[in-house]
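# Coordinate inspection notes
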Amino acid sequence: MKLLSRARLAFSLLVSSVILASTALPVESSETELLVLTPDNFETTVSEGVWFVEHFSPYCGHCRNFAPTWKQLVEQTEKKADPGIHLAQVNCAIDGDLCRKNKVDGYPQMNLYKNGKYVETFKKARSLEILTEYLDAHAEPRAPPAPTTTAAPEPTAEPAPAVREKKPDVNPSGTVLKLNEANFRTYVDKGGILVKFFAPWCGHCKKLAPIWEQLAGEMQHTLEVAEVNCEDHGALCRLEGVSGYPMLFYYGGKEAKTEYTGARKLEPLKAFADKVSGPGVQELKYGELEARVAENSVLYLLLYAPSDRAIFNQVVDASHVLFGSPPLYTSSSSAFYDHYNIKAGTVAIVALKDHDPNVPAAVYEIPKPVSTADDRQELVDWLLRNRLPTALELDSDNFQDVMNAPHKPLVVLVATASRDLKQTAKEVGELARKWRDARGRAPVVFAWMDADKWGKWLKSMYGIKAGGLPRAVVANHTSLVYWDTDQFGETISLTSASVFSAVNGAMKGTIPYKHSENTIERLARYLNDKLVSVETYVVSNPWHTALWGFVLLIALFLGIKRLLSDTEDSREGGYLRKGGRLD
Ligand SMILES: *[C@@H]1O[C@H](CO)[C@@H](O)[C@H](O)[C@H]1NC(C)=O
């Protein structure tokens, strides 16, 4: 996971865990930012523009010697505003089939592609000078170099005429606003803008493009919908922490930025846009309580005295992290104070869940005033920690919100067959309520999942097979570990005794955990360790090397075979894994 977060633009969302495996191998140091292509994205990636692709194997000496030169070449190219040529690699130890397809007959081999077509294989000496010359000769910059867009953005340098300032209206034309180094900060600091970071060659981006246009149309006069082309404005994208394409952010103001991780279809995007552009908070009348609670599986109610206006503003400001989910209602009515038995004069937020208007799932008494950064952080943490319903069905839309919630919760996850969804939902709901009532605030999420829909994922993450459903595990997605037995050493069953003992054991560390990472990552790590120790051995025992070399070759052969079959397996499933996420 560390590797993944360190990797930047190069490791796009398209790149599956195969890349994670390849970065664990010895030839690449972790700080290089090289684009490694896989069978999944090779064709779509090279389909546009000029591409110079190095095919290498981490086990080849020439490749290792050449690695620093390649890195320099990449850096040199990336520095240019419009290099007109792209560099990428293919790891043949992992994607042997792709290398065979690309007619690779030695390492390293560099092929030139133009708009998806093979042009030639580079045959000259692999020196930086000759390669630079070669790239310059084949590059096809888009336009004559524009002197104004240099790599280092100077916000004050140019009061760009493109900046639509002093418009009385947001998104007046209902079209996608194009942002660049010159106008980005102006728009983003104002807040209320949804930005798509993309690269023209990426497949998911192409799919999203027409939807994004539609969204801009729908949000005319309501919300700015913008985009940044990361190929033209790479520095800006890096500065904004873009680690894959496309990446969507909502900017609520100077510091308030949140990634949109939901489905990239019009409907959910529109719902999100409506939420962020809608009224931030709504006043709740006592008589409306039941109706609002019936509508929302979670809602927050801020109780404050009119004289606490400053705190009110601070809470509203902090609540932007929620993007309207759950909604925040406010009231100063003493009826609510009585209803929830909260001392008059206190400022408090009440979390109401599971359509229960009477017993709050949690209450947060806000210190007066919210003066320090710590106070504010505590408030934000509370808002994020309590936002989920007690129990929910996990799917790709809420996966990020649940599994990667900032408070790193344990998740009790029950896999069940489609036909049993209702029954399981009921049982999980009951367990969740029991847990909540008995333990108060321990941050455990209860969820169920359709095993007919997510069978492959459940199997690879938690070893759950189709037989013997429903099956429960306790998972910590942050550290990619899970528990599938309770403290009695039995497979977790759907009883409170079993589930709660498993959760307790997981929290206290008294039950052994298992790793969710898939075989390919583990195998890569294993090979990596082996290789390092073999190298040490070769140096000190040259006479035994031949024998061990032979053994290693066999191990590698078997390993690579395994890797390839594993890769195919994960591709078949029709989902993309990035740190085990659903997509
Ligand atoms: C889950 O794992 C993360 C990372 O190791 C850890 O910080 C967190 O406390 C764990 N969560 C629980 C509830 O144990």
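Residues numbered from 1 in each chain as written. Predicted model: local features only at pLDDT ≥ 70, side-chain atom pairs only at ≥ 80, totals over all residues. Heavy atoms only, no water.

Looking at an unreviewed UniProt entry, one finds the protein named Thioredoxin domain-containing protein 5, with Trametes pubescens as its source organism. Here the protein is described in UniProt, under the heading Subcellular location (unreviewed entry), as follows: "Endoplasmic reticulum membrane". Taken directly from UniProt, the Function (unreviewed entry) text for the protein runs: "Probable disulfide isomerase, which participates in the folding of proteins containing disulfide bonds. May act as a dithiol oxidase. Acts as a regulator of endoplasmic reticulum-mitochondria contact sites via its ability to regulate redox signals." (UniProt positions renumbered as here; feature names shortened; annotations may be inferred.)

## Side note on the overall build of the protein
What the protein contains, in helices and strands, is 20 helices and 21 strands. The buried share of the protein, reckoned over its 583 residues, is 48%. Relative to all contacts within the protein whose residues are 6 or more apart in sequence, the contacts with residues 24 or more apart total 72%. Here the protein has roughly 28,200 Å² of accessible surface; of this, 54% comes from carbon and sulfur atoms. (Helix = DSSP H or I, 4+ residues; strand = E, 2+ residues; numbered from the N terminus. Buried < 20%, exposed > 50% of the residue type's maximum accessible area, 1.4 Å probe, protein only. Contact = heavy atoms within 4.5 Å. Areas by Shrake-Rupley, 256 points an atom, 1.4 Å probe, with all protein chains shown as cover.)

## A few points about a nonpolar patch on the surface
Among the surface-exposed residues, Phe-550, Leu-553, Ile-554, Phe-557 and Leu-558 lie close enough to one another that they form a single nonpolar patch of about 550 Å² accessible area. Along the chain, the position of Leu-558 falls in helix H20 (residues 545–572). (Patch = residues over 30% accessible without salt bridge, like charges linked within 9 Å, V, L, I, M, F, W, Y side chains within 5 Å. Salt bridge = Lys/Arg side-chain N within 4 Å of Asp/Glu carboxyl O.)

## Focus: the site of the ligand
As a structural note, the neighbourhood of the ligand is formed by Lys-408, Leu-410, Asn-476, Thr-478 and Ser-479. Backbone polar atom of Lys-408 to a nitrogen atom of the ligand: 3.1 Å apart, as the coordinates give it. In the environment of the ligand, an oxygen atom lies 2.3 Å from a nitrogen or oxygen atom belonging to the side chain of Asn-476. For the ligand, the protein covers 54% of the area, taking 360 Å² as the surface of the free molecule. (Near = heavy atom within 4 Å. Polar contact = N/O pair within 3.5 Å; in protein donor to acceptor, adjacent residues only side chain to side chain.)

## Some thoughts on the state of the cysteines
Scanning the model with the defined rule gives three disulfides in all. Disulfide pairing places Cys-230 opposite Cys-237 at an S-S distance of 2.1 Å. In this structure, the disulfide formed by Cys-230 and Cys-237 twists by about -90 degrees around the S-S bond and is classed as left-handed. A residue is classified by how much of its surface remains accessible, and Cys-230, at 4% relative accessible area, is buried. (Disulfide = S-S within 2.5 Å.)

## A look at the nonpolar core
By size, the foremost hydrophobic cluster in this structure holds 36 residues, and its most contacted members are Leu-179, Phe-184, Ile-193, Val-195 and Phe-197. In terms of residue count, the dominant contributor to this core is strand E7 (residues 193–198) (four residues). Lining this core are residues from two domains, each supplying at least three of them: domain 1 (2–20 + 172–276) and domain 2 (36–141). With near-sequence residues (within four places) excluded, Val-195 lies in contact with Leu-179, Phe-184, Trp-212, Ala-226, Glu-227, Val-228, Met-247, Leu-248, Phe-249 and Tyr-251. Membership of the second largest hydrophobic core comes to 24 residues, among which are Leu-431, Ala-472, Ile-492 and Phe-500. (Core = buried A, V, L, I, M, F, W, Y, C linked by side-chain atoms within 4.5 Å. Domains from an automatic or database assignment.)

## Considerations on the sheet that holds strand E19 (residues 471–476)
The strand order E16-E18-E17-E19-E20-E21 describes an open sheet built from six strands, whose pairing is mixed. Each of the sheet's edge strands pairs with one partner strand only, and the pair in question is strand E16 (391–393) and strand E21 (514–515). Relative to strand E18 (residues 444–450), E16 is paired through three bridges, and the arrangement is parallel. Along E18, the bridge assignment pairs Glu-393 with Trp-448. Here helix H17 (residues 455–462) sits on the sheet and contacts strand E17 (410–416), E18, E19, strand E20 (481–483) and E21; the angle it forms with E17, its principal contact strand, is near 130 degrees. Lying over the sheet, helix H18 (residues 496–508) contacts E17, E18, E19 and E20, oriented at roughly 140 degrees with respect to E17. (Pairing = 2+ DSSP bridges. Axes fitted to C-alpha atoms, helices over the stretch in contact; angles between N-to-C directions.)

## Brief notes about the packing of helix H8 (residues 203–218) against helix H10 (residues 266–277)
Between two packed helices, both the angle of their axes relative to each other and the distance between the axes serve to describe the pair. It is at 10 Å that the axes of H8 and H10 come closest, and there the two elements cross at 40 degrees. The orientation of H8 with respect to H10, classified from their angle, is oblique. In this structure, H8 crosses over H10, and the sense of that crossing is right-handed. Residues Leu-208, Ile-211, Trp-212, Gln-214, Leu-215 and Glu-218 of H8 form the contact with H10, whose own contacting residues are Leu-266, Leu-269, Lys-270 and Ala-273. The class makeup of the residues in the contact of H8 with H10 is seven nonpolar, one polar and two charged. (Parallel < 35°, antiparallel > 145°, perpendicular 65-115°, else oblique. Left-handed = near helix turned anticlockwise from the far one by under 90°. Nonpolar A, V, L, I, M, F, W, Y, C, P; charged D, E, K, R; others polar.)

## Some thoughts on the environment of Val-188
The topology assignment puts Val-188 in helix H7 (residues 184–190). Residue Val-188 is classed as buried on the basis of its relative accessible area of 0%. The spatial distance from the C-alpha of Val-188 to the C-alpha of Gly-252 is 7.9 Å, given a sequence separation of 64 residues.

## Regarding the pattern of salt bridges
A pair can form between side chains of opposite charge whenever their charged atoms are brought close. Applying the stated rule across the entire model yields 15 salt bridges. Measuring nitrogen to oxygen at the nearest pair gives 3.5 Å for the salt bridge that ties Arg-185 to Glu-240. With Arg-185 in helix H7 and Glu-240 in the loop between helix H9 (234–239) and strand E9 (247–251), this pair connects stretches of sequence that are 55 residues apart. With relative accessibility at 8%, the residue Glu-240 sits in the buried group. Note that Lys-270 is salt-bridged to Asp-274, the shortest N-O span being 3.0 Å. Of this pair, Lys-270 and Asp-274 both sit in helix H10, separated by four residues, roughly a single helical turn. Residue Lys-270 is classed as partly exposed on the basis of its relative accessible area of 22%.

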